[in-house]
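Examining the three-dimensional arrangement
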Amino acid sequence: MASAVATPLEREFNRISDVTEMTSQSTLGQTGITLQFALDRDIDAAARDVEAAINAARANLPADLPTTRPTGK
């Protein structure tokens, strides 16, 4: 999962401005990526940037990848 899913997503997420921390964890069949943004970053704009990054990475992700919505914690 790390090379097939996390790597393409991380590459795109690295292009988002004001990301202060990115952590990812991959196990068999599952990858989780957490992004932390600067406190003054507009959360709606950050969400749009994350969605755009996911869309940009889509061509490099497995075709049979199930989709879920990002969670805001």
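Up top is the structure these notes are about.
Right, let's walk through the structure included here. (Residues numbered from 1 in each chain as written. Predicted model: local features only at pLDDT ≥ 70, side-chain atom pairs only at ≥ 80, totals over all residues. Heavy atoms only, no water.)

**Describing the nonpolar core**
Selection rule: By nonpolar core is meant a set of buried Ala, Val, Leu, Ile, Met, Phe, Trp, Tyr and Cys residues that side-chain atoms within 4.5 Å join together. Working definition: with a 1.4 Å probe on protein chains only, accessible area under 20% of the residue-type maximum means buried, over 50% means exposed, and in between means partly exposed. Here a strand is any run of E in DSSP of at least two residues, a helix any run of H or I of at least four, and the numbering for each starts at the N terminus. By definition in these notes, contact holds between two residues if any of their heavy atoms fall within 4.5 Å.
Ranked by size, the top nonpolar core spans 11 residues in total: Val5, Leu9, Phe13, Ile16, Leu35, Phe37, Ala46, Val50, Ala53, Ala57 and Leu61. Secondary-structure elements contributing two or more residues to this core are helix 1 (2–13), strand 2 (30–37) and helix 2 (43–57). If you tally residues by element for this core, the top one is helix 2, at 4 residues. Non-local contacts of leucine 9, meaning those with residues more than four positions away in its chain, are made with Ile33, Ile54, Ala57 and Leu61.

**Considering the side chain of arginine 41**
This is how the line gets drawn: The term polar contact refers here to a pair of N or O atoms within 3.5 Å; inside protein, the definition further demands a hydrogen-donor-capable atom paired with an acceptor-capable atom, and it admits residues adjacent in sequence only when both atoms are side-chain atoms.
Counting through the fold element by element, arginine 41 comes out in the loop between strand 2 and helix 2. A relative accessible area of 16% places arginine 41 in the buried class. For arginine 41, the side chain forms a polar contact with the side chain of aspartate 49, separated by 2.2 Å. The contact partners of arginine 41, leaving out residues within four places of it in the chain, are Ile16, Ser17, Asp18, Ala46 and Asp49.

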